[in-house]
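# A closer look at the structure
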Amino acid sequence: QVHVAESGGGLVQAGGSLRLSCLASGSIFSINDMSWYRQAPGKQRDLVARITSGGSTNYADSVKGRFTISRDNAKNTVYLQMINLKPEDTAVYSCAARVTNTARSTTDYWGQGTQVTVSS
C-alpha cells in the first residue's frame with residue numbers, strides 16, 4: 001500500500017508566498033515522476049509542475065518564474081515553492097507520484113489535495 005499526502009496550503013494575500021509539501025509513504029521501491037496539479041472551481045485539473053527522479057523539471061507557462069518544484073529523494077517528498085502569488089492561483093493543489101512498489105508494480109498515486117486561496 002502506498003499513501004500520498006499534501007500539506008502547506010492556506011490563505012495568503014496577493015504577492016505572498018507558500019510552500020507545499022507532498023510525502024509518499026508505504027511499500028515503495030522507487031518513485032519516478034512527481035507532479036503538482038491544480039484545479040480551480042468549475043475548471044479542469046491542470047499540470048502545474050513536474051520533476052523527474054533525476055531532477056529535470058517542467059512548468060506550466062502561467063507559473064514559470066514564480067513556482068519552483070524540488071524533491072528530496074531520501075524523504076520521498078516533493079515541494080512546490082510559490083512566490084508572487086496571484087488570485088488566479090487559487091485552486092486545490094494535488095500531488096501525484098508515479099511509484100514502483102515493492103512488488104515491482106508501477107502506479108500513479110494521488111493525494112487528497114490542499115486548498116490554496118490567494119486574496120486580492
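Up top is the structure these notes are about.
Keep in mind the model is a prediction, meaning the values are calculated, not measured. (Residues numbered from 1 in each chain as written. Predicted model: local features only at pLDDT ≥ 70, side-chain atom pairs only at ≥ 80, totals over all residues. Heavy atoms only, no water.)

## Things to note about the overall build of the protein chain
Of the regular secondary structure elements, the protein chain holds zero helices and 11 strands. The secondary structure elements of the protein chain, listed N-terminal to C-terminal, are β-β-β-β-β-β-β-β-β-β-β. Whereas a compact globule of 120 residues would reach a radius of gyration of roughly 14 Å, the protein chain reaches 14 Å, a difference of no more than 12%. Here the protein chain holds 120 residues, and 38% of them are scored as buried. For the protein chain, restricting intrachain contacts to residue pairs at least 6 apart in sequence, the fraction spanning at least 24 positions comes to 54%. Roughly 6300 Å² of accessible area belongs to the protein chain as shown, and the carbon and sulfur atoms make up 45% of that amount. Each charge class in the protein chain can be summarised by its mean position, and for the 12 positive and 8 negative side chains these summaries are 3 Å apart. (Helix = DSSP H or I, 4+ residues; strand = E, 2+ residues; numbered from the N terminus. Rg over C-alpha atoms; globule rule 2.2 N^0.38 Å. Buried < 20%, exposed > 50% of the residue type's maximum accessible area, 1.4 Å probe, protein only. Contact = heavy atoms within 4.5 Å. Areas by Shrake-Rupley, 256 points an atom, 1.4 Å probe, with all protein chains shown as cover. Lys, Arg positive; Asp, Glu negative; His and termini not counted. Charge placed at Lys NZ, Arg CZ, Asp CG, Glu CD.)

## Quick notes on the state of the cysteines
In this structure the tally under the stated criterion is one disulfide. Each sulfur in the disulfide pair Cys-22 and Cys-95 lies 2.0 Å from the other. Disulfide Cys-22-Cys-95: the torsion about the S-S bond is -80°, which places it as left-handed. Pair noted here: Cys-22 is in strand S3 (residues 18-26) and Cys-95 is in strand S9 (residues 91-101), with a separation of 73 residues, a long-range link. (Disulfide = S-S within 2.5 Å.)

## What about the side chain of Thr-114?
Locating Thr-114 in the fold gives a position in strand S11 (residues 114-119). Overall, the relative accessible area of 13% leaves Thr-114 in the buried class. Within the structure, Thr-114 has its side chain in polar contact with the backbone nitrogen of Gly-9 (distance 3.2 Å). Residues within four places of Thr-114 in sequence aside, it is in contact with Glu-6, Gly-8, Gly-9, Leu-20, Ala-91, Val-92 and Tyr-93. (Polar contact = N/O pair within 3.5 Å; in protein donor to acceptor, adjacent residues only side chain to side chain.)

## A few points about the environment of Ser-62
Mapped onto the elements, Ser-62 comes out in the loop between strand S6 (57-59) and strand S7 (67-72). Along the chain, Ser-62 and Asp-89 lie 27 residues apart, while their C-alpha atoms are 9.1 Å from each other.

## Side note on the nonpolar core
If you look at the biggest cluster of nonpolar residues, it comprises 29 residues, and the most contacted ones within it are Trp-36, Val-48, Phe-67, Val-78, Leu-80, Met-82 and Tyr-93. Residue assignment for this core shows that the elements contributing at least two residues are strand S1 (2-7), S3, strand S4 (28-39), strand S5 (46-51), S7, strand S8 (77-82), S9 and S11. With five residues, the single largest contributor to this core is S9. (Core = buried A, V, L, I, M, F, W, Y, C linked by side-chain atoms within 4.5 Å.)

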